[in-house]
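Tertiary structure, described
Chain residues, written in single-letter form:
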Amino acid sequence: LMLDDGGGLWVVDISDGNNLKWRKVNNIWYARVNASFTILPDGRVTITGGCRSQNDGGSVLGAAVRNIQIYDPVRNTVTTGGNEIKSRLYHSSALLTTHATVISSGGGAPGPETNLNGQEYFPDYMPNNIQNLEKISCPKTVNTNGKFVIKVNNSNNVAKVTAIKSGSSSHTRNCDARWLELNFNKNGNDLEVNGVIVEGQVVPLSNTIVIPGLWLIYTLDRNGVPSKACLVGADMNDKYL
């Protein structure tokens, strides 16, 4: 997902590296230079921070965008949430937490406003008490050539399992953003993960799809409420976790 300087949202099909296919899917109607994109457990994408102006490298305080926008790729809709108190311009970042909230932080250093602080966004799927999020159990590391088990309190409540790369964000760019829907079978209160759902088809786990590194694993109930995430290392040595 990419945002152009006029507010257009674009996606690109990279399945054929010699023939990239760009497609404009929606529009937020204004630029958000230096905005941050964060993928939620349900696959929606939040857009935080940024600036309507490209002057001074997109760091014009009077043109700072403080509202949060959420793009839903399934419904192809953009909705607007609340406003941040502080501007999030150059040097800002945003990352998903294990509690399925988004931390939007930083900005400035140098100016126009030095924000050594952050705010936490609670998406609309959050329960009234964050402590009520379902807790799940996962192995510390998984071998992507095999299968793995997620233990839950009640598998009847689980509608979906997703995996999101833990993220590596700097200068408003998250260079490690990836979302997957995992295929699973229920065995009592064990969820046996055996593949990834790609364009409606189940493909086996592999390190070309579940790339090595840290992943956040969430379950979602039938109302779209996520669990608290497990942090899992794909093809990693557990001595580093």
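The following refers to the structure shown.

Reading the values: the criteria
Residues numbered from 1 in each chain as written. Predicted model: local features only at pLDDT ≥ 70, side-chain atom pairs only at ≥ 80, totals over all residues. Heavy atoms only, no water. 1 Å grid on protein atoms, 1.4 Å probe; cavity = no way out; pocket = protein on both sides within 12 Å on 5 of 7 lines; lining within 4 Å. Points joined across faces, edges and corners; volume = space filled by probe spheres on them. Helix = DSSP H or I, 4+ residues; strand = E, 2+ residues; numbered from the N terminus. Nonpolar A, V, L, I, M, F, W, Y, C, P; charged D, E, K, R; others polar. Core = buried A, V, L, I, M, F, W, Y, C linked by side-chain atoms within 4.5 Å. Buried < 20%, exposed > 50% of the residue type's maximum accessible area, 1.4 Å probe, protein only. Contact = heavy atoms within 4.5 Å. Phe/Tyr/Trp six-rings, centres within 6.5 Å; stacked < 30°, edge-to-face > 60°. Lys NZ or Arg CZ within 6 Å of the ring centre and 35° of its normal. Pairing = 2+ DSSP bridges. Axes fitted to C-alpha atoms, helices over the stretch in contact; angles between N-to-C directions. Patch = residues over 30% accessible without salt bridge, like charges linked within 9 Å, V, L, I, M, F, W, Y side chains within 5 Å. Areas by Shrake-Rupley, 256 points an atom, 1.4 Å probe, with all protein chains shown as cover. Salt bridge = Lys/Arg side-chain N within 4 Å of Asp/Glu carboxyl O.

Observations concerning the layout of surface pockets
In this structure, the largest pocket encloses a volume near 1900 Å³. If you trace the largest pocket, you find 43 residues lining it, with Leu 1, Val 11, Val 12, Ile 39 and Trp 179 closest to the centre. Of all the secondary structure elements, the ones that give two or more residues to the lining of the largest pocket are strand E1 (2-3), strand E2 (8-13), strand E3 (21-27), strand E4 (36-39), strand E15 (173-174), strand E16 (179-187) and strand E17 (190-198). When residues of the lining of the largest pocket are assigned to their parent elements, the largest contribution, four residues, is made by E4. Grouping the constituent residues of the lining of the largest pocket by class yields 23 nonpolar, 10 polar and 10 charged.

Some details on the nonpolar core
Among the nonpolar cores identified, the biggest contains 22 residues, and Ile 150, Val 161, Leu 182 and Ile 217 are the most heavily contacted of them. At the level of elements, strand E12 (148-151), strand E13 (158-165), E16, E17, strand E19 (213-221) and strand E20 (230-234) are the ones that each hand at least two residues to this core. Setting aside its immediate chain neighbours within four residues, Ile 150 contacts Ile 136, Ser 137, Cys 138, Val 161, Asn 189, Asp 190, Leu 191, Val 193 and Ile 217. Listed in part, the 18 residues of the second largest apolar core include Leu 96, Tyr 121, Leu 133 and Tyr 218.

Here's the deal with the packing of aromatic side chains
Evaluated as defined, the whole model comprises zero aromatic pairs. The ring of Tyr 30 carries the charged tip of Arg 52 above its face, separated from the ring centre by 3.8 Å.

Some points on the environment of Ala 94
Relative to the helices and strands, Ala 94 is located in strand E8 (residues 92-96). C-alpha separation for the pair Ala 94 and Glu 120, spaced 26 residues apart in sequence, amounts to 9.5 Å. In this structure, Ala 94 is in contact with Ser 36, Thr 38, Thr 48, Val 102, Ile 103, Ser 104 and Ser 169, ignoring residues within four places of it in sequence.

Comments concerning the sheet that holds strand E9 (residues 102-106)
Here we have three strands laid out as an open sheet, ordered E8-E9-E10, and antiparallel in their pairing. The open sheet has two edge strands with one neighbour each: E8 and strand E10 (118-121). When strand polarity is set aside, the average angle formed by the axes of neighbouring strands in this sheet is 15 degrees. The sheet contact formed by E9 and E10 spans four bridges and is antiparallel. Paired with Val 102 across the bridge in E10 is Tyr 121.

Thoughts on the side chain of Thr 48
Positionally, Thr 48 belongs in strand E5 (residues 45-48). For Thr 48, a relative accessible area of 4% translates into the label buried. Setting aside residues no more than four positions away along its own chain, Thr 48 makes contact with Arg 32, Ala 35, Ser 36, Ile 68, Glu 84, Ala 94 and Ser 104.

A closer look at the environment of Glu 199
Structurally, Glu 199 is set in the loop between E17 and strand E18 (201-204). For Glu 199 and Thr 77, which are 122 residues apart along the polypeptide, the C-alpha to C-alpha distance reads 20 Å.

What about a nonpolar patch on the surface?
Nonpolar side chains collect at one region of the surface, where Met 2, Val 12, Ile 14, Leu 20 and Trp 22 lie side by side and expose about 490 Å² of accessible area between them. Counting through the fold element by element, Met 2 comes out in strand E1.

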